[in-house]
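Structure assessment
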Amino acid sequence: MIKKLSHINEAGNAAMVDVSGKRSSSRTAIASGSVKFPPEVFQTLAEQDFLGKKGSIVQTAVIAGIQGVKKTADLIPLCHQINLSKIHIDIVPGNNEFHITCTVKCDGKTGVEMEALTGVSVASLTIYDMCKALSQDICIAQVKLEQKTGGKNDFQR
């Protein structure tokens, strides 16, 4: 089987995939990533219960990630608008880092991988924004798809 780019048409131009002939199915995607800090910065944040001058770092990032998921079709030009049935963002402090997981579900004709990846990315960027006054040596790392189900090809990392 020869694989080809799905968003490039026969003329070589960008095109939105036609999903009109596909059947709807229950679809899920899970993405993850992390925001890594210099140890002294993370220690300072932990001592302040992860509350910054702008409020709760974790809760603000959760809300931003949810908003990001809902805006994916506005940000990624060839993504379909999707009726979402679930968005869950989980942010857990670790060893000088926050680990972020985003789970997205829908019943539809196309998957939600881009939505899950966008949720992790926007949550990560929000954490960076809220903490950048302490250091610019904060790193967003390993944003990746962990799992997708419900489409033609399921995936599990």
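For the structure itself, consult the block above.
Our subject in this report is the structure included herewith. (Residues numbered from 1 in each chain as written. Predicted model: local features only at pLDDT ≥ 70, side-chain atom pairs only at ≥ 80, totals over all residues. Heavy atoms only, no water.)

**Looking at the sheet that holds strand 6 (residues 139–149)**
The five strands are arranged 4-5-1-6-7 in an open sheet whose pairing can be described as antiparallel. Two strands in the sheet have a free side with no partner beyond their single neighbour: strand 4 (84–93) and strand 7 (155–156). Bridge count between strand 1 (residues 25–36) and strand 5 (residues 97–108): twelve bridges; the pairing is antiparallel. Residue Ser-32 lies in a different strand from strand 5, and its bridge partner there is Thr-101. Here helix 2 (residues 57–70) sits on the sheet in contact with strand 4 and strand 5, set at roughly 150 degrees to strand 4. (Pairing = 2+ DSSP bridges. Helix = DSSP H or I, 4+ residues; strand = E, 2+ residues; numbered from the N terminus. Contact = heavy atoms within 4.5 Å. Axes fitted to C-alpha atoms, helices over the stretch in contact; angles between N-to-C directions.)

**Considering helix 2**
Its 14 residues place the ends of helix 2 20 Å apart at the C-alpha level, agreeing with the 20 Å of an ideal helix rising 1.5 Å per residue. Turning to helix 2, its buried residues are Ile-57, Val-58, Ala-61, Val-62, Ala-64, Gly-65, Gly-68 and Val-69. (Expected span 1.5 Å × (residues − 1). Buried < 20%, exposed > 50% of the residue type's maximum accessible area, 1.4 Å probe, protein only.)

**Looking at helix 4 (residues 113–131)**
Its 19 residues place the ends of helix 4 27 Å apart at the C-alpha level, agreeing with the 27 Å of an ideal helix rising 1.5 Å per residue. Of all the residues in helix 4, the buried ones are Glu-115, Ala-116, Thr-118, Gly-119, Val-120, Ala-123, Ser-124, Thr-126, Ile-127, Met-130 and Cys-131.

**Thoughts on the pairing of strand 1**
Where strand 1 lies against strand 6, eight bridges are found, and the strand directions are antiparallel. Looking at the pairing, Val-35 lines up with Ile-140 of strand 6.

**A short note on the pairing of strand 5**
The side chains of a regular strand alternate, residue by residue, between the two faces of the sheet. Relative to strand 5, strand 4 runs antiparallel, the two being bridged by nine bridges. In the sheet register, Leu-84 faces strand 5, and the bridge partner there is Cys-106. Between strand 4 and the antiparallel strand that follows it, strand 5, lie three residues; Asn-96 among them carries a positive phi value of about 60 degrees.

**What to know about the state of the cysteines**
A complete count under the given rule lists zero disulfides for this structure. Take Cys-139: it sits in no disulfide, and the sulfur closest to it among the cysteines is that of Cys-131, at 14 Å. Judged by relative accessible area, which is 43%, Cys-139 ranks as partly exposed. (Disulfide = S-S within 2.5 Å.)

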